[in-house]
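A structural walkthrough
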Amino acid sequence: MRLKLHVQPRPLLFIGVLLICWQIAINRHPGQLLPGPLSVLRAIGDLMHSGLLLKYIVASLFRVTWGFALGASLGIPLGLAIGWNRRAEMALNPLIQIFRPISPLAWIPVAILWFGVGDMAAVFLIFVGCFFPLLLTAMSAVHNIPALYIDAGRNFGLSPFAFVSRVLYPAVAPQLVVGMRITLGIAWLVVVAAEMIAVNSGLGFLIVDARNAGNRYDLVVAGMVIIGAIGLLLDLGMRSLERVKSFRWSYSED
Amino acid sequence: MNSLSKPRNWEKYFWPVLAAALLFAIWHYCVVWTGTNIFPSPLDVEKGMAELLHKGVLWDDIGDSVRRVAVGFGAAAVTGIPLGLTLGLYPAANQMVNPVLQILRPISPIAWIPIAIILFGVGDRAAVFLIFLGAFFPIVLACVSGVSSVPSIFQRTGRNFGLSSTQLLARVVFPAALPQILIGLRIALGIAWVVVVAAEMIAVESGLGYLVIDSRNSGKRYDLVIAAMLLIGVIGLILDLGFRSLEGLPSVRWGFRHES
Amino acid sequence: MSLTNAANTPAVAAMKLRAEQLCVAFERDSKSVSVLEDITFDISDGEFICIVGRSGCGKSTLLNVLAGFLAPTSGSVIIDGEPVHGPDPRRILVFQEHGVFPWLTVEGNIGFGLSKLPRAEREHRVAHYVQMIGLQGFERTYPSDLSGGMKQRLQVARALAVNPDILYLDEAFGALDSITRLAMRKELLRIWQTERRTIIFVTHDIDEAVQLADRVVVLSSNPARIEDILTIDIRRPRNISSPHYLELRDKLLEQIGQAYTV
């Protein structure tokens, strides 16, 4: 895969125009709280300089990694099993459908009760935010396996282990990877929200703290920009995973 | 899939009820065994819900949450669909605008709260703004995706029959993209429901999300917390199912694969 | 040598379409690839013309140029004395598959081009064409509940409803099974004999061409040139086992065979 970065002029131009308009709007209204792009840039520089930026990024990523890993290692196998067994799905689907729309943040009181205020609570929230989407993705992936593959596997008399590793896994892997990418995006949203409410470090905390401790809105927006950038990088990273050859068979076009 | 035999019709109700009953039983016994006096048992939650209903506060809270979602989601749809359709039709414009969307999208709406408060003050409008943000991006992206996946055959046929560009958009592109647009709207509604709960925990003082936080803060009423959580889940599910029923309408049904 | 219907012969029926030295070339990998070269022929009003050639030889490209969806690199298409600039409801293209609008019923599809008509007339016309293609009782059905053959008939009805001068068919029966194809050919001929439009039918099926057409334009491949224009002078209804039919069929096969060695 060629690593050439195609820098397109038009989007950069558009972003440039937006930034200029933003700066002009700020200059027209001096003395109000919203920062302009220049002060945001300076704030980012300050954060990098003081080492806080790295520390916060690491904290947020740490929580996301743990929460996501737990969610995946529990949700995916469980989802595959439930999707495979029709009766299990009949039994559990209604319960899953009721828990799914509950925002992870609504679990905060429960999280704090079980884990106290701190890292574990945040990780739990991210776990909840990842578990259900991955569960449902795995169930759906199993449903989408073409019956042909299953019949072929049976026809060749594969042992259960061989069946899982040589038919089931390759068949569900592409959809799982897409689901994981989307869930990683969700995890990133949840960690920021969780940090704004329940913990004392991380990028979400940066936003809340910057505002509370002195209305430093330049830091607030700086935090938002960095959150956006890292979220985008995570997404792009997962997309390149999708392009890995052994997953590509399922993408017939593009 | 790999069932021992084809499940019978009554099993459709039997298994979920069994699972729910088991869940309640396990929950109940966990509470009893651990002897906790904070975490509620299922019966406590039921009593809590009855209490809320009785006080009449519950309907207000539900109404507030649903109303905010309606306004925020509505605004996102009204602005997002035309924008998405336009970007879908003009790939050059999409190429220009898409990176900005991709940067803004991973920023949790919750992170916008300080900005929202500056712009709108604490209260309803800030919450609606957050919901709008949460729903806007999925809608736009679904519209772009829907329009660009309209097979060129349809557009060629439309032009063949002499349709102008606006007619083409209204009579061919939009109906052809509608299934995907509906999926985007449904997902955005789910997101809106998640965001409203979160927004209410931080920025306003009514609604189901506020009920969750407030029940804990003013008296550790975890029975009300769990009751509110379950209500959030059920209402979210109802919203989702309502939208899914739209997908059964004949003029869009063709775009959805049916799982028998 | 070639049997082109030369412009020297006095026109018997009015000339409907003339293609003049059409050339189409595409850019691929910064190289110019010539797809169609020097296509010239005339078609009279009410004729049934088939264009045959190997799959991928450029027949569909030619059809798209004639229909106005593609501008030729050089040369022109003149219909009724006017050069073709773009798609027009006077000449409708019927696609091989997926051409009907899935969000409209049978009635909705047939009435698609009729929005400018007053309601009574539109309904009248729709009913007329529903009956012509034999889909009575299916007026409110959606295409997802129709068979392939029915969908293709629906496309034809939709095309005819706007009263076009020319009907282009791009391998319109190619996605159907062979039994349905036979029935569809009969249908198409019946409709053609009732409505008497000019039809240009692209196909890779030699039998189809000999069974349907007044004249067959044979295209070579890479790039596509007119190899020959064959006149099928068998009276309809055509006996597909008659010696004359087989003779013409063999001739056509020979032409296609020749095309490979160019």
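Residues numbered from 1 in each chain as written. Chains lettered and ligands numbered in written order. Predicted model: local features only at pLDDT ≥ 70, side-chain atom pairs only at ≥ 80, totals over all residues.

1. Things to note about the overall build of chain B
Put simply, the rule reads: Helix and strand labels come from DSSP, where a helix needs a run of H or I of at least four residues and a strand needs a run of E of at least two; each type is numbered from the N terminus. Here the globule rule is a power law, 2.2 Å times the number of residues to the power 0.38, and the radius of gyration is based on C-alpha atoms. Note on burial: count the other C-beta atoms lying within 10 Å of the residue's C-beta; 20 or more is buried, 12 or fewer is exposed, in between is partly exposed, and C-beta positions come from the backbone. Here, residues touch in the contact sense if the C-beta positions derived from the backbone fall within 7 Å of one another.
Looking only at helices and strands, one finds 11 helices and 0 strands in chain B. Against the compact-globule benchmark of 18 Å for 260 residues, chain B has a radius of gyration of 23 Å, which places it well outside the compact range. Principal axes of the C-alpha set define a box for chain B whose edges measure 75 × 60 × 30 Å. The buried share among the 260 residues of chain B stands at 45%. At a minimum sequence separation of 6, the contacts of chain B that also span at least 24 residues come to 72%.

2. Some points on the overall build of chain C
What chain C contains, in helices and strands, is 7 helices and 10 strands. The globule rule puts the C-alpha radius of gyration for 262 residues at 18 Å, and the 19 Å found for chain C is close to it. Judged by the C-alpha coordinates and their principal axes, chain C covers about 55 × 45 × 40 Å. Put simply, chain C has 262 residues, and 42% of those count as buried. Taking contacts inside chain C between residues at least 6 apart in sequence as the whole, the part at least 24 apart equals 71%.

3. Quick notes on the sheet that holds strand β4 (residues 74–79) of chain C
In sheet architecture, strand pairing relies on hydrogen bonds along the backbone and comes in two forms, parallel and antiparallel. Residues and elements named next belong to chain C. Selection rule: Strand pairing is assigned whenever DSSP identifies at least 2 bridges connecting the two strands. Throughout, an axis means a line fitted to C-alpha atoms (over the contacting stretch in the case of helices), and angles, computed between N-to-C directions, take values from 0 to 180 degrees.
If you trace the 4 strands from one edge of the open sheet to the other, you get β2-β1-β4-β5, paired in antiparallel fashion. Both edges of this open sheet fall to β2 (31–44) and β5 (82–83), since each of them pairs with a single strand only. Both strand β1 (residues 15–28) and β2 contribute to a ladder of 10 bridges, which runs antiparallel. Bridge assignment links Arg 28 to a residue of β2, and that residue is Lys 31. Contacting β1, β2 and β4, helix α1 (residues 59–67) runs over the sheet at an angle of about 120° to β1.

4. Here we look at unusual backbone geometry
All names here are of chain C. Backbone torsion omega between Arg 236 and Pro 237 reads 0°, so that peptide bond is classified as cis. As for its position among the elements, Pro 237 is in the loop between β10 (226–231) and α7 (243–261). The phi dihedral of Gln 21 falls on the positive side, at around 45°, and the residue is not glycine. Along the chain, Gln 21 turns up in strand β1.

5. Remarks on helix α2 (residues 37–50) of chain A
All names here are of chain A. Test applied: Expected helix span is computed as 1.5 Å times (number of residues minus one). Of all possible arcs, the one meant is that of the directions from the helix axis to the C-beta atoms.
Spanning 14 residues, α2 covers 20 Å between terminal C-alpha atoms, matching the ideal 20 Å at 1.5 Å per step. What α2 keeps buried is the set Val 40, Ala 43 and Leu 47. Buried positions in α2, seen along its axis, are confined to an arc of 60° and lie on one side of it. Residues of α2 that are exposed and point over 90 degrees away from its buried face: Gly 45 and His 49.

6. Description of the packing of helix α8 (residues 165–202) of chain B against helix α10 (residues 222–246) of chain B
All names here are of chain B. For clarity, the cut-off: Note on angle classes: values under 35 degrees are labelled roughly parallel, values over 145 roughly antiparallel, values of 65 to 115 roughly perpendicular, and the remainder oblique. Each crossing gets its handedness from the near helix: less than a right angle anticlockwise from the far helix is left-handed, clockwise is right-handed.
Look at α8 against α10: their axes get within 10 Å of each other, and the N-to-C directions meet at 165°. Judged on the interaxial angle alone, α10 and α8 are roughly antiparallel. Crossing hand, α8 versus α10: right-handed. On α10, the residues that touch Leu 182, Leu 185, Arg 186, Leu 189, Gly 190, Trp 193 and Val 197 of α8 are Ile 232, Gly 236, Leu 239, Asp 240, Phe 243, Arg 244 and Leu 246.

7. A look at the sheet that holds β10 of chain C
All names here are of chain C. Strand order in this open sheet of 6 strands is β6-β7-β8-β3-β9-β10, and the pairing throughout is mixed. At either margin of the open sheet sits one strand with a lone partner, and together these are β6 (91–94) and β10. For this sheet, the mean angle separating the axes of adjacent strands, direction not counted, is 15°. Alignment of β6 against strand β7 (residues 166–170), held across 4 bridges, turns out to be parallel. In the strand pairing of β7, Arg 91 is matched with Ile 166.

8. Considering the interface of chain A and chain B
Quick reminder of the rule: Each residue gets one label: Ala, Val, Leu, Ile, Met, Phe, Trp, Tyr, Cys and Pro are nonpolar, Asp, Glu, Lys and Arg are charged, and the others, such as Gly, are polar.
On the chain B side, the residues contacting the 49 residues of chain A number 48 residues. If you list the elements that add at least two residues to the side of chain A that touches chain B, you get α1 (9–28), α4 (86–99), α5 (108–115), α6 (119–143), α8 (160–197), α9 (203–212) and α10 (217–242) of chain A. Considering only residue class, the side of chain A that touches chain B consists of 35 nonpolar, 9 polar and 5 charged.

9. Here's the deal with the packing of α4 of chain A against α6 of chain A
All names here are of chain A. Put simply, α4 and α6 touch, their axes get as near as 11 Å, and they point 145° apart. The way α4 lies across α6 gives a crossing that is left-handed. When α4 is examined against α6, the residues Glu 89, Ile 96 and Phe 99 are found in contact with a partner set consisting of Phe 132, Leu 135, Leu 136 and Met 139.

10. Digging into the confidence of the model for chain C
All names here are of chain C. The line we're drawing: You can read pLDDT as the predictor saying how much it trusts each residue, on a scale of 0 to 100.
On average, residues of chain C score 86 in pLDDT, and 93% of them are at 70 or above. Mean pLDDT across the elements of chain C bottoms out in α7 (77) and peaks in helix α2 (residues 106–110) (94). A low-confidence stretch, residues 1–11 (pLDDT under 50), is modelled with 11 contacts involving residues beyond four sequence positions or located in other chains. Reported confidence for the predicted complex is 0.83 by ipTM and 0.83 by pTM.

11. Thoughts on the environment of Pro 94 of chain A
Residue and element names in this part refer to chain A. Within the secondary structure, Pro 94 is located in helix α4. C-beta crowding within 10 Å serves as the criterion here: with 16 such atoms nearby, Pro 94 is assigned to the partly exposed category. As a C-alpha pair, Pro 94 and Arg 42 span 52 residues in sequence and 51 Å in three-dimensional space.

12. Side note on the nonpolar core
We count it as follows: The nonpolar core criterion groups buried Ala, Val, Leu, Ile, Met, Phe, Trp, Tyr and Cys residues into a set whenever they are joined through C-beta atoms within 7 Å.
Membership of the largest hydrophobic core comes to 226 residues, with the highest contact counts inside it found for Leu 125 and Ile 126 of chain A together with Leu 130, Ile 131, Ile 139 and Ala 192 of chain B. Sort the elements by how many residues they give to this core and α8 of chain B lands first, with 22 residues. Not counting the four nearest positions on each side in its chain, Ile 126 of chain A is found in contact with Arg 63, Val 64, Gly 67, Phe 68, Ala 187, Val 190, Val 191 and Ala 194 of chain A.

13. Description of the pairing of strand β8 (residues 198–203) of chain C
Residues and elements named next belong to chain C. Note the threshold: Handedness rule for crossovers: strands pointing away from the viewer, path from the first strand over the helix to the second running clockwise, crossover right-handed.
Where burial is concerned, most of β8 is hidden: 6 out of the 6 residues are buried. Where burial is concerned, the two faces of β8 agree: the one with Thr 198, Ile 200 and Val 202 and the one with Ile 199, Phe 201 and Thr 203 are both buried. Crossover β7 to β8 through helix α5 (residues 178–195) is right-handed.

14. Let's talk about the pairing of strand β3 (residues 48–52) of chain C
Residues and elements named next belong to chain C. Counted residue by residue, β3 has 5 buried out of 5 residues, so it is predominantly covered. Every second residue of β3 is oriented toward a common face, with Phe 48, Cys 50 and Val 52 on one face and Ile 49 and Ile 51 on the other, all of them buried. Bridge count for β3 against β8 is 5 bridges, and the pairing is parallel. Each bridged residue has a counterpart across the sheet, and for Val 52 the counterpart in β8 is Thr 203. Two strands pair when backbone bridges link them, and β3 and strand β9 (residues 215–219) are joined in this way by 4 bridges, in the parallel orientation. The partner of Cys 50 across the bridge, within β9, is Val 216.

15. Quick word on the arrangement of the chains
The interface with the most contacts, out of 2 pairs of chains in contact, is the one formed by chains A and B. These two, chain A and chain C, are apart from each other, with no contact and a minimum C-alpha gap of 18 Å.

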